[in-house]
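# Structure assessment
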Amino acid sequence: MDKHDGRDAGTIRLDDPWYDALAVGWGEGDEPVPVGPAAEGRTAPDASDIYLEVQRSAAFQEVRARYRGFVVPATVGFLLWYVAYVIAATAAPGLMSRPVFGAVNVALLAGLGQFLSTFLLTWAYARHARLRRDRAALDLRWTVFEQERGQERGRRRGEGR
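Below or above, wherever it landed, is the structure these notes cover. In this text the structure is predicted, and so the values were computed from the model without any measurement.

### Some words on the pattern of salt bridges
- Summed over all chains, the structure comprises 2 salt bridges.
- Arg66 is the salt-bridge partner of Glu62, the closest N and O atoms lying 3.0 Å from each other. Remark: Arg66 and Glu62 occur in helix H2 (residues 58-91); sequence separation between them is 4 residues, near one turn of the helix.
- The residue Arg149 makes a salt bridge to Glu146 at a minimum N-O spacing of 3.6 Å. Pair noted here: Arg149 and Glu146 are both in helix H4 (residues 106-160), with a separation of 3 residues, about one helical turn.

This is the structure in structure tokens:
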């Protein structure tokens, strides 16, 4: 967190690169920053070039592969479990109405199993993201933020000349 001087000296600003990612640059300066030739005579890369470069990087591909490696099998497994429950409820009412203990039957246990599996899958997804993807994704975010920040500094230096 940074404190800054000026007319809003009492406010605290968070330096999070994704805080307002869709509105970067809107209303932050007194005048719009022109995008044009850089100081060396070549065109300055814009934000889309930075994002495309990161998307092509091996680190990004690894994060996406880890994401797909969990989400695709988990989704397929959960959908199969749900469809099996629905099919069993409609096609095998005798099996589903079989009592297990007291007034509790197979259908009730399977229905509760649907809720339990949802919570377990949510927990497993959060754990997988925390252990296998979050650190790498955060590193990518900061890489993009630093590149955009450097680009903005370069543009401001170009304007001052």
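### Details of a nonpolar patch on the surface
- A cluster of nonpolar residues, Val100, Phe101, Leu108, Leu109, Leu112, Phe115 and Phe119, forms a patch on the protein surface that exposes about 730 Å² of accessible area.
- Sort the elements by how many residues they give to the nonpolar patch and H4 lands first, with 5 residues.
- Turning to its location among the elements, Phe101 is positioned in strand S3 (residues 99-101).
- You can call Phe101 exposed: its relative accessible area is 55%.

### Observations regarding the packing of aromatic side chains
- Counted under the stated rule, the structure contains 2 aromatic pairs.
- With centroids separated by 5.9 Å and ring planes inclined at 50°, the aromatic side chains of Phe70 and Tyr125 adopt a geometry described as tilted. Here the residue Phe70 occupies a position in helix H2, and Tyr125 occupies one in helix H4, the gap between them amounting to 55 residues.
- Overall, Phe70 belongs to the buried group, its relative accessible area being 18%.
- Under the relative-accessibility criterion, Tyr125 is labelled partly exposed at 33%.

### What about the side chain of Glu148?
- Inspection of the secondary structure puts Glu148 in helix H4.
- Excluding residues within four positions of it along the chain, Glu148 makes contact with Ala47, Ile50 and Tyr51.

### A closer look at H2
- Here H2 spans 48 Å end to end across 34 residues, near enough to the 50 Å set by a 1.5 Å rise per residue.
- By the burial criterion, the buried members of H2 are Val63, Phe70, Val71 and Ala74.

Cut-offs applied
Residues numbered from 1 in each chain as written. Predicted model: local features only at pLDDT ≥ 70, side-chain atom pairs only at ≥ 80, totals over all residues. Heavy atoms only, no water. Salt bridge = Lys/Arg side-chain N within 4 Å of Asp/Glu carboxyl O. Helix = DSSP H or I, 4+ residues; strand = E, 2+ residues; numbered from the N terminus. Patch = residues over 30% accessible without salt bridge, like charges linked within 9 Å, V, L, I, M, F, W, Y side chains within 5 Å. Areas by Shrake-Rupley, 256 points an atom, 1.4 Å probe, with all protein chains shown as cover. Buried < 20%, exposed > 50% of the residue type's maximum accessible area, 1.4 Å probe, protein only. Phe/Tyr/Trp six-rings, centres within 6.5 Å; stacked < 30°, edge-to-face > 60°. Contact = heavy atoms within 4.5 Å. Expected span 1.5 Å × (residues − 1).

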